[in-house]
Every structure is written in C-alpha cells, then in structure tokens.
Amino acid sequence: MQLVFVCLTFIFLALIALIAKTTGMAMGSFTTLLIAMACYILFCLYLKTQNKSLAQSS
Amino acid sequence: MASFLPDILALFFLMALVCQRLGVNLQLPNDAYQLLTYVLLITIGLKGGQALAYSANWALLGQSISVIMLGVLVTLVAMLLIGTFSKLNTIDKTTLAAHYGSVSVGTYAVAISFLQLREIEFEPQIALFVALLELPAIIFGLAYLSRKQGQKGFDLRTIFAHKSLALIVIGMLIGALYGEVAEPMVKNLKPIFAVMLALYLIHMGALAGQRLSDLSSNHMFIISFGITMPVLGAIMGLTLGYWLGLSVGGLTLLATLAASASYIAVPAVFEQAQPKANIAQALVASLAITFSFNVIWGIPLYAHAADIISRL
C-alpha cells in the first residue's frame, strides 16, 4: 500500500509540474519543482536500497 | 541567472540543510532562536492587529468560522490519507494528522516576505487566521483520542497555554488597541524582519537536516505524505480563499497556512497530553519534509495558483 502511495505522489507531483508549466509558471520556480521531483525519487530509491542492504545483513 | 534560482530565503534554508548533512552545524544557540521567534511572532501579531483595527467588521466573524472549519477539514483529510495508506496506530495517526491541521508561523512569515518582495498586497485579517488555525486540529485530535481511549476529556490549559499562540495574540491585541500609535514600532521592526527571517531559516535548515536522520521504518510513507499533504491542504485553502473573495496575496497566504504543518505548538501539546504518541516521526514529516517543501517550492507554487484563480 505504501508503494501505491509513493507512485500516486509521483504522479500527483508530475501533474502539478505539468499544470504549472502550461499555465506559465516562472522558469526558476518550475525548474526547482522539477529538481524537487527528481530529488524525491532519488531519495526514495536510496532509502529502499538502504533497507534492502540492512535486511540482507541481518 | 537569478530567475533560475529559488527564492532568496529558500536558498538560506537549503544551504543550511546541505551544510548540516555535510557535517557543518549552523544551528543557533537556543536563546538566540527563542529571541528570533519572539521578534517574528510579535511583528506578525502587531501588524495584523493594527490592520484589523481599521477593517474589523461582521463579515470577519463568518470568515473566521469558515477558517476554523478549514483547520478541522485538513485534519480529517490527513487522517483519511494516513488511515488508508499506512499502518500507523490510532495515536500516531491522530498526532501526525493534528500536525498538518495546525499551522506553522515560520512558513507564514516566509510567505509574507515572498509577497512583500514582489509588492503583492494581502488582507489584514490573515494574521487573525494564523491564530485561529493553530487550535482546531489540536482540540479535534485530543478530543478524538480521548473518546477512543474512553477518557472523559482533556486539560484545556495544555492547549491554550502555549507561547507561540500567546505571543501572536498579545501582538494582535496591542496592535488593534493602539492602531496608529503603534506605527513607529512596526516601522522599526519592518527592516529587521527579513534579516531575522533569514537567520531563522538558517537555524531551521540545520534542524531539518538533522531531523532527516530520524526517519523511521515508515520513511517511504512519511516522505510521500509530507509532500502530498501540503499540496492537498493548499488546494483546500485556495478553494476557501476563492469562496471568501480574497486577493492574490490573501489566497497565497491562506493556501500556505493550510499547506503548512505545525512543528512547535502541536508537538509540545501532544507530548504532554499523549505521552505514547510518536512525536519524533511527526516532527520529521512536518519539519524536515513539509517545511522544506513549502519554503523551497510550495510558496511560489501556491502564489502561482492564487494568481490563476484570482483571474477566474
């Protein structure tokens, strides 16, 4: 269920970024919003890998 | 070049967060942090009270009631989201939801600065909404838990006897009572507000960086929730603001308030009233995730949405 929520969050953010861009949001803010999304995905992946290695070591 | 950068205050926050993660601790001493919060809260209260003295009317009563309902609604939506997508127990679920139903004065101060830099006007009654939105989520959360635990009630003093609320109310009362007489004091506070806010954000950035290490086993949910909930809150705030007929500035501030999560008042109250609640987890979500999200990306996004809505 948590993974579903993570996927939904990503879709939600992507949708907002798309709406923001198509409605003419300032480039600086839009760029940072995209960076935010990328950071979010990377951070989730990093945590997931860390969890896996923890599970393997135990 | 500047157009590609985030807001100036957001960058202070972001840099402090990065420094903390790299091992450079930029946190202020506790007394200095307390002084900064006093100045910020009193300034917000004074300005709001002063403006209210000129514009108080009966319509404000209806607006205030609807804003209180917004606080309860945001808490309910947060509880629904947590209940559906996580396995948190009732106490932790309600504690986390109450953090999101209440507001963060720090985020509000950043939003005010954001609007002032762009010379966007906003309604004076928003300062009153800050004070009003602090409480409904706390009362609702504690009442819900008392009922679930079969208790008769809870101590109201733990809710009202909180510093941040008291300071805003004191500032508003003095501002409203003295009106023009308080003008020189407000004028003197104005130039230092931005500097104080920058220092406050350096401290909060360092604190958020430190809190990131406290992510528990629910980290995937907490991160997702900490990003989704403020956007949902902002949508609710924008809807109410549009219905109340607020200006672009007012819409932005109400959206920011609904999107923000408390990290001072709610943890203090719940720690006292519900000792078994996982406060650390709620603080990671509200401070490390949501505060960061709102300061860096949220506020410009809400301002943009407010601009579109006000043109409808």
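Basis of the calculations
- Residues numbered from 1 in each chain as written.
- Chains lettered and ligands numbered in written order.
- Predicted model: local features only at pLDDT ≥ 70, side-chain atom pairs only at ≥ 80, totals over all residues.
- Helix = DSSP H or I, 4+ residues; strand = E, 2+ residues; numbered from the N terminus.
- Buried ≥ 20, exposed ≤ 12 C-beta atoms within 10 Å, placed from the backbone.
- Rg over C-alpha atoms; globule rule 2.2 N^0.38 Å.
- Contact = placed C-beta atoms within 7 Å.
- Nonpolar A, V, L, I, M, F, W, Y, C, P; charged D, E, K, R; others polar.
- Expected span 1.5 Å × (residues − 1).
- Core = buried A, V, L, I, M, F, W, Y, C linked by C-beta atoms within 7 Å.
- Axes fitted to C-alpha atoms, helices over the stretch in contact; angles between N-to-C directions.
- Parallel < 35°, antiparallel > 145°, perpendicular 65-115°, else oblique.
- Left-handed = near helix turned anticlockwise from the far one by under 90°.
- pLDDT = per-residue confidence, 0-100.

Explain the overall build of chain A to me, please; I cannot follow it from the model alone.
On a plain count of helices and strands, chain A comes out with two helices and zero strands. Taking all 58 residues of chain A together, 19% fall into the buried category.

I keep staring at the overall build of chain B and nothing clicks. Help me out?
Looking only at helices and strands, chain B features 14 helices and zero strands. Secondary structure elements of chain B, listed N to C terminal, follow the sequence α-α-α-α-α-α-α-α-α-α-α-α-α-α. Relative to the compact-globule value of 20 Å for 312 residues, chain B shows a C-alpha radius of gyration of 18 Å, a close match. Considering only C-alpha atoms, chain B reaches an extent of 50 × 45 × 45 Å along its principal axes. The buried share of chain B, reckoned over its 312 residues, is 55%. The contacts of chain B with a sequence gap of at least 6 include a subset with a gap of at least 24, amounting to 87%.

Would you explain the interface of chain B and chain A in this entry?
On the side of chain A, 23 residues touch chain B, which itself brings 20 residues to the contact. Ranked by residue count, the leading element in the side of chain B that touches chain A is helix α11 (residues 219–244) of chain B, at eight residues. Partitioned by chemical class, the residues of the side of chain B that touches chain A number 14 nonpolar, six polar and no charged.

Please explain the environment of A:T22 as it appears in this structure.
Its location among the elements puts A:T22 in helix α1 (residues 2–22). In this structure the C-alpha to C-alpha distance between A:T22 and A:I41, which are 19 residues apart in sequence, comes to 23 Å.

Looking at this structure, how should I read helix α7 (residues 136–148) of chain B?
Three or four residues apart is the spacing at which side chains of an α-helix point the same way, because the helix has 3.6 residues per turn. Residue and element names in this part refer to chain B. Taking 1.5 Å of rise per residue, 13 residues should cover 18 Å, and α7 covers 18 Å from first to last C-alpha, within 8% of that figure. Those residues of α7 lying buried are P136, A137, I138, I139, F140, G141, L142 and L145. Of the residues flanking the end of α7, it is G150, one or two places downstream, whose phi is positive at about 70°.

In this structure, what is going on with helix α3 (residues 59–85) of chain B? I would like to understand it.
Helix length check: α3(B), at 27 residues, gives a terminal C-alpha distance of 39 Å against a target of 39 Å (1.5 Å per residue), a fit within 8%. Along α3(B), the residues classified as buried are B:Q63, B:V67, B:L70, B:G71, B:V74, B:T75, B:A78, B:M79, B:L81, B:I82 and B:F85. Buried residues along α3(B) sit in contact with α1 of chain A together with α4 (90–101), α6 (126–134), α7, α11 and α12 (248–259) of chain B.

For this particular structure, what's the right way to read the nonpolar core?
Nonpolar side chains in soluble globular proteins generally cluster together in the buried interior. Residues and elements named next belong to chain B. Counting 115 residues, the largest nonpolar core has F13, V130, L254 and A255 as the members making the most contacts within it. Considering every element that reaches this core, the biggest residue donor is helix α14 (residues 279–310), with 18 residues. Not counting residues up to four positions away in its chain, the partners in contact with V130 are I44, V103, V105, Y108, I168 and L257.

Is there a simple way to explain the packing of helix α10 (residues 183–211) of chain B against α14(B) in this structure?
Packed helices, taken two at a time, are described by the angle their axes make and the gap between the axes. Residues and elements named next belong to chain B. Two elements in contact, α10 and α14, have axes separated by 9 Å at closest approach and are oriented at 130°. For the element pair α10 / α14, the angle class is oblique. Note that α10 runs across α14; the crossing there is left-handed. Along the contact surface, α10 presents L201, M204, L207, A208 and R211, while α14 presents L283, V284, L287, A288, F291, S292 and V295. Residue composition of the contact of α10 with α14, grouped by class: ten nonpolar, one polar and one charged.

When you look at the confidence of the model for chain B in this model, what are you seeing that I'm missing?
The predicted coordinates of low-pLDDT regions are not to be read in fine detail. Residue and element names in this part refer to chain B. Predicted confidence across chain B gives a mean pLDDT of 85, with 93% of residues reaching 70 or more. Taken element by element, the predicted model of chain B shows its lowest mean pLDDT in helix α8 (residues 156–160) (67) and its highest in α12 (96). Interface confidence for the predicted complex, expressed as ipTM, amounts to 0.76; the pTM equals 0.84.

Can you help me understand the packing of α11(B) against α12(B) in this one?
Residue and element names in this part refer to chain B. The geometry of α11 relative to α12 is characterised by a closest axis approach of 7 Å and an angle of 140° between their N-to-C directions. By the criterion of interaxial angle, the relationship of α11 to α12 is oblique. The handedness of the crossing between α11 and α12 is right-handed. The segment α11 lies against α12, with P230, V231, G233, A234, M236, G237, L238, L240, G241 and Y242 engaging G250, L251, L254, A255, L257, A258 and A259.

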